[in-house]
Each structure stands twice: as C-alpha cells, then as structure tokens.
Amino acid sequence: MSTLAHVFEAEGIATVALGSIRKQIEGSAPPRGLWCDFPLGRPLGKPGDPEFQHRVLDVAFALLNTTEPVLAEFDESIPDGGDEMLACPLPPRHDPDAHPAIDEARGLLAAYDRGVEMSDGRFGAGRVVAADDIPAAIEAFIRISEGTPWAEAGIPGLPMRVSHDIRSYYETAALAMVDHAPAAWASTRWFLDQTETGKVMMAARQAMQDQDAPQPMWFYLTPGDR
Amino acid sequence: MADSDIKALTEALPGESFETTAFTTPPPLADATVAIVTTASLHHPDQDDFAVMDTGYRVLDDSRRDYVTGHWSPNFDGSGFAYDMNTVFPVDRLDELAERGVIGRVADQHLAYAGNQFDLSAIRMDSGPAGAKFLRDQGVDVVLLTPV
C-alpha cells in the first residue's frame, strides 16, 4: 500500500496511508503514514463505531498539514489477546448418516442467508463455491483428511480460494447469530476451533502438508499462524 | 491464534524502496476532493473478482454501496468489513465530513487494488501510475489509503 502512496504523490496527489503493521509502514515509509495498532482487516479500528472512525480520520487528515514526510502513531491501540471467541450456537445433528461437518454446514444455510442479507452481500461464499455447494466442497477436504491424495480429492478450485469460501460461509452465518460486532478474529477462532468443519480443514491442511503438497496449496487454507 | 502472530509473519516482507520521497502539497482540506484507495480488493459484484497476484485495479462508484471483498489472503479478519464496510472503506464517514465542510467533496469514484503482493513492480510502474492519472483526471486532490 505504501508503494501506491509513493506513486500517487509522484503523480501529484497528496496521500495519507493507514497502516496496521508497524514495521511494515516504518520500512516502506509512505510520505504521510499513520500507524494504527488495530487488528488486520480493521484499518478504521471499530466496526459500527462512527465516532471512533472519525477520530482516526481526523488524525489522518491532520497529517496533510505537514510540510515534509511524516509517520505518526494513533494514540489508542485495539489489542487482540488471541483468545476471544464468538459464543455462537451450532445446529443440532439432523442427519445421523451424514459426516458431522456436512450435517453442520447444511444446518447453517438459513443463518448464512440471513448473514448475507445483514452484510448486504459484502462477505460470504460464492467466489468459487456457491453457498449451496459448500457441503460438497467440504466433502473434498474430508476425503483428504481421511487419506485421499489432495490432487485426487475433487477440490472444486484452487484450495485456498475454496477454503476461503468455506470459512466465509461459516463466519457469515455466525454474523447472523450474534447481535453485535464480533471482536476481531473471534468468528475465525469459532470456525477453526469449535466447528466440525474447522476441524476438518485443520486435519486436511496437515494431511496435505504430510503429502508434500506445494506449500501454498496447504499453507493458505487457514491463517498463517495455524 | 493472535493478531500479533499473524502480523509477525508478514512484517519482515520486503517492500519497494524509493530513493526519494515524492511529496505533494494539497489544497486546503475544506477545498479538496478526497478519494479512497484501498488494497482490500474491493469490487462491485458485476466487476471481475481479483485473481491471485492481480496487479490491476477496480473503479468503485461512490454512488453505490455494493462493495464486496475479493481479497484471497486468509490473514485478515473479515468480520469487521462484513459488519460495517466503513471499517475498511469509510465512504459514509467521508460523506459526513463533506456535509460538515471539513473536506471539499467526496470523489465520484474510488479505487481498489489487491494487497498481499510479492512483486510490486507492476503496480509501481504500471497500474499505480494509471490509477493516479485516473483519479487526477477526476479532480482528486487527496487520497486516503486503507489496507486490510
């Protein structure tokens, strides 16, 4: 992003760059940078809090008054302790013959549809796998976790993108089941640590690594620190 | 899993280095036209999604609010944008600043690029300058850059 700041300034447009990673914004040194110690994915800090977002913008735009390059720091951090998890109900078993992850995903479809409506379609499945096809996509990862070679498991697209759709399906459903803005990463932790499909994805990722799949194929199935 | 752990994975990735720092002095903010340029891979549903390593940009119409995220990286929280688009793309906040006269006006069009690039040379040499020219031709004076 800082590259764009340098390029735009050279083309005659003044810029203010927000940055969430201190070393990155220090190293790339945009002409006017504001480091905000906020979680990745939330450069304005707090969803649903216009007052806080305006505070960020006020500080950012004040940097336009400087006469030389500047890197400033926003005066409030939003820490992530790494343990906050969404308290979100999961559907009861409906089809005892189905794999628990498949049964679970099918049971979340109505919540997913509500989540799409709530978020005006900004977030969700459908980039490579439509919501109705999410259970079938999960089946491919179940097969991998049970020993099928990853390239023969029938993943319906680039693994990282299919995985992204599955995670987004769950997190969108979760959004419909809570009445507040979730803390950063809380819905991701819920997906990976509490759901049957999360367990499948973690197991499939490990299986792909054990099968010597190319690193990008398995690494980007989940956030990188997993 | 903690946000700081994920930041630690990416903080040492090398960026482009610039021998000099270009610096443009804008008009007074109250007279300026302001656009947002985000690296969140946003696009309208009827536009092409971003491919992996896509170095192009998408033009986002300010009069619409149907922005969807096309970022493929798993290393950011998406729930904030899902709950409130202004967490990433603060167009409503800019509208409020314009109504209060803090900024001159909000640009009619904004831009989105895809972050998480390993080779920035195409953005530096091609799509970056092209995007800047596009905005300059719209009369944009100031750009707010937002990542995810």
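In this text the structure is predicted, and so the values were computed from the model without any measurement.

Draft legend 1. Spatial organisation of the overall build of chain B. Looking only at helices and strands, chain B has four helices and seven strands in total. For chain B, the α and β elements follow one another from N to C terminus as α-β-β-β-β-α-α-β-β-α-β. The principal-axis extent of the C-alpha atoms belonging to chain B is close to 40 × 40 × 30 Å. With 148 residues in all, chain B has 45% of them scored as buried. Long-range pairs, those at least 24 residues apart, make up 77% of the contacts in chain B between residues at least 6 apart in sequence.

Draft legend 2. Looking closely at the interface of chain B and chain A. Opposite the 68 residues of chain B that make contact, chain A presents 73 residues. Breaking the side of chain B that touches chain A down by element, the ones donating at least two residues are helix 1 (3-10), strand 4 (68-69), helix 2 (79-83), helix 3 (91-99), helix 4 (121-137) and strand 7 (142-146) of chain B. Looking at which element gives the most residues to the side of chain B that touches chain A, the answer is helix 4 of chain B, with eight residues. Of the residues assigned to the side of chain B that touches chain A, the class counts are 36 nonpolar, 17 polar and 15 charged. In terms of strand pairing, strand 1 (residues 14-19) of chain A meets strand 7 of chain B through four bridges, oriented parallel. Residue pairing for strand 7 of chain B: A17 of chain A is matched across the bridge by L145 of chain B.

Draft legend 3. Broad picture of the pairing of strand 1 of chain A. Residue and element names in this part refer to chain A. With six of its six residues buried, strand 1 lies for the most part within the structure. Every second residue of strand 1 is oriented toward a common face, with A14, V16 and L18 on one face and T15, A17 and G19 on the other, all of them buried. In this fold, strand 1 hands off to helix 2 (residues 22-28), which returns the chain to strand 2 (residues 32-35); that crossover is right-handed.

Draft legend 4. Fine view of unusual backbone geometry. Residues and elements named next belong to chain A. Residue W185 is not a glycine yet carries a positive backbone phi of 70°. When you line up the elements, W185 lands in the loop between helix 7 (159-177) and helix 8 (186-194). Phi is positive for D212, close to 60°, though the residue is something other than glycine. With respect to the secondary-structure elements, D212 resides in the loop between helix 9 (196-210) and helix 10 (215-219).

Draft legend 5. Summary view of the confidence of the model for chain B. Across chain B, the average pLDDT comes to 93, with 99% of residues at 70 or higher. Predicted complex, confidence summary: ipTM 0.96, pTM 0.94.

Draft legend 6. Geometry of the nonpolar core. In terms of nonpolar packing, the biggest core is built from 104 residues, with L4, I134 and I138 of chain A together with V34, V143 and L145 of chain B touching the most fellow members. When residues of this core are assigned to domains, at least three map to each of domain 1 (2-73) and domain 2 (100-219) of chain A. Setting aside its immediate chain neighbours within four residues, V34 of chain B contacts L94, I103, V106, A107, V142 and L144 of chain B.

Draft legend 7. Structural detail: the environment of F219 of chain A. When you line up the elements, F219 of chain A lands in helix 10. Using a count of 17 C-beta atoms within 10 Å as the deciding quantity, one classes F219 of chain A as partly exposed.

Draft legend 8. Representation of helix 8 of chain A within the structure. Counting buried residues along helix 8 of chain A, seven of its nine residues qualify, which places the element largely inside the surrounding structure. Buried residues of helix 8 of chain A: A186, S187, T188, R189, W190, F191 and L192 of chain A, and no others. Along its buried surface, helix 8 of chain A packs onto helix 7 and helix 9 of chain A together with helix 2 of chain B.

What counts, and at which threshold
Residue positions within a chain follow its written sequence, with the count starting from 1. Here every chain gets a letter starting at A, and every ligand a number starting at 1, in the order they are written. Reporting in this predicted model follows two pLDDT cut-offs: at least 70 for local features of residues, and 80 or more for side-chain atom pairs to be given and counted; totals over whole chains, interfaces and linings ignore these cut-offs and use all residues. A run of DSSP states H or I qualifies as a helix once it reaches four residues; a run of E qualifies as a strand once it reaches two. Both are numbered from the N-terminal end. Three exposure classes are used, based on other C-beta atoms lying within 10 Å of a residue's own C-beta, which is placed from the backbone: buried for 20 or more, exposed for 12 or fewer, and partly exposed in between. The contact rule is simple: place each C-beta atom from the backbone, and if two of them lie within 7 Å, those residues are in contact. Gly falls in the polar group here, along with every residue not listed as nonpolar (Ala, Val, Leu, Ile, Met, Phe, Trp, Tyr, Cys, Pro) or charged (Asp, Glu, Lys, Arg). By the convention used here, strands pair only if DSSP detects at least 2 bridges between them. Whether a crossover is right-handed comes down to one check: with the strands pointing away from the viewer, does the path from the first strand over the helix to the second run clockwise; if it does, it is right-handed. One confidence number per residue, pLDDT, is output by the predictor and ranges from 0 to 100. Joining buried Ala, Val, Leu, Ile, Met, Phe, Trp, Tyr and Cys residues through C-beta atoms within 7 Å gives a set, and that set is a nonpolar core. For the domains described, the bounds stem from an automatic or database domain assignment.

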